[in-house]
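Structural characterization, general
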Amino acid sequence: IIALAYDIPAINRVVDFINLMAYDFTDFHLYYPFTGYNSALYPSKAQKGYFATLNTAHAAHYWAEAGMNKSKIMVGIATYGHSYNLLFSWLTYPGAPATSEGREFSYGDVCEFVHQPGTVRVWDEVARVPYAYNGKIWVTFEDYLSVTQKTKWIKKNGFGGAMTYDLNSDDYDRVCNAWKPFELQEIIYHGT
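Here goes a summary of the coordinates provided. Predicted, not measured: the structure shown is a model, and the values here were computed from it.

**Some remarks on helix H5 (residues 144-156)**
Owing to its 3.6 residues per turn, the α-helix brings residues three or four apart onto one side. The first and last C-alpha atoms of H5 sit 18 Å apart over 13 residues, in line with the 18 Å expected at 1.5 Å per residue. For H5, the complete set of buried residues consists of Ser-146, Lys-150, Trp-153 and Ile-154. For H5, the arc enclosing every buried residue in end-on projection is 100 degrees, short of the 170-degree limit, so these residues lie on one face. Among the exposed residues of H5, those oriented more than 90 degrees off its buried face are Tyr-144, Lys-152, Lys-155 and Lys-156. Those residues of H5 that are buried lie in contact with helix H3 (56-65), strand E2 (73-78), strand E6 (120-124), strand E7 (129-134) and strand E9 (161-165). If you check the start of H5, you find a side-chain oxygen 3.1 Å away from the backbone N of Leu-145, and it comes from Asp-143. Positive backbone phi, at 75 degrees, marks Gly-158, one or two positions downstream of H5.

As structure tokens, then:
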């Protein structure tokens, strides 16, 4: 779509910067009823072909390689999460079968969900993003650890900076202050 829709070198000549929406990479669809990451930094081991392009690193590098100066690319970081309703509560891996999309989670909602009894938080060591599940609810989100790694990646790779979407999904009620940061992972997922 990008190659057909945008003349990136022409855009590069006339703008000071672009805000790269590096999120909403996966959503529930009846033709593809599986869980997936909202804003992974890298592809997971299981993602191949087109699906291996649904991540921040690929999107940002694609724009740079197509003619946008890296210094003009502001990489998007989400402050919200997507949820899925799992088909089976015992299949909880990324790409697990889902029956429908759940509600959108603000970061405060994520903090509440992660600290509910029975919730398991998982860190994907390859994709560099967390997810959590409880019963048949599966949530993909950003947290302190993933945002920290993403901002370090932005600086290391010479991109112009970061932007966030959106402020009203951040922890404006300071819900997350009631709990310790998510730095201690219950499970580390290395992919399959």
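**Some details on helix H4 (residues 107-114)**
Of all eight residues in H4, six are buried; the element is thus mostly enclosed. Listed in full, the buried residues belonging to H4 are Tyr-107, Gly-108, Val-110, Cys-111, Phe-113 and Val-114. Where H4 is buried, its residues touch strand E5 (105-106), E6, E7, strand E8 (137-140) and H5.

**Quick look at the sheet that holds E2**
The strand order E1-E2-E9 describes an open sheet built from three strands, whose pairing is parallel. The open sheet terminates on both sides in strands that have one partner only, identified here as strand E1 (18-20) and E9. For this sheet the average axis-to-axis angle between neighbouring strands, irrespective of direction, equals 35 degrees. For E1 and E2, the ladder comprises three bridges, and the chain directions are parallel. When the bridges of E2 are listed, Ile-18 appears paired with Ile-73. Relative to the sheet, H3 contacts E1 and E2, its axis offset from that of E2 by approximately 160 degrees. Sheet strands touched by H5: E2 and E9. Its angle to E2, the strand with the most contacts, is close to 175 degrees.

**Some points on the pattern of salt bridges**
Enumeration according to the criterion identifies four salt bridges in this entry. Linking Asp-143 and Arg-121 is a salt bridge whose minimum nitrogen-to-oxygen distance equals 2.4 Å. Placement of Asp-143 in the loop between E8 and H5 and of Arg-121 in strand E6 is noted, with a sequence separation of 22 residues between them. By relative accessible area, Asp-143 is classed as buried at 2%. With a closest N to O distance of 3.2 Å, Glu-125 and Arg-128 form a salt bridge.

**Some words on the pairing of E7**
Most of E7 sits inside the fold, with six of its six residues counted as buried. By the alternation rule, side chains of E7 split into Val-129, Tyr-131 and Tyr-133 and Pro-130, Ala-132 and Asn-134, which are all buried. In this sheet, E7 lies alongside E6 in antiparallel orientation, the contact comprising five bridges. Paired with Val-122 across the two strands is Tyr-131, which belongs to E7. Counting the residues that bridge the hairpin from E6 to E7 gives four residues, and of these Arg-128 lies at a positive phi of roughly 65 degrees. Sheet analysis places E7 next to E8, joined by four bridges and oriented antiparallel. By the bridge assignment, Asn-134 is partnered in E8 with Ile-137.

The rules behind these values
- Residues numbered from 1 in each chain as written.
- Predicted model: local features only at pLDDT ≥ 70, side-chain atom pairs only at ≥ 80, totals over all residues.
- Heavy atoms only, no water.
- Helix = DSSP H or I, 4+ residues; strand = E, 2+ residues; numbered from the N terminus.
- Expected span 1.5 Å × (residues − 1).
- Buried < 20%, exposed > 50% of the residue type's maximum accessible area, 1.4 Å probe, protein only.
- Arc of directions from axis to C-beta.
- Contact = heavy atoms within 4.5 Å.
- Polar contact = N/O pair within 3.5 Å; in protein donor to acceptor, adjacent residues only side chain to side chain.
- Pairing = 2+ DSSP bridges.
- Axes fitted to C-alpha atoms, helices over the stretch in contact; angles between N-to-C directions.
- Salt bridge = Lys/Arg side-chain N within 4 Å of Asp/Glu carboxyl O.

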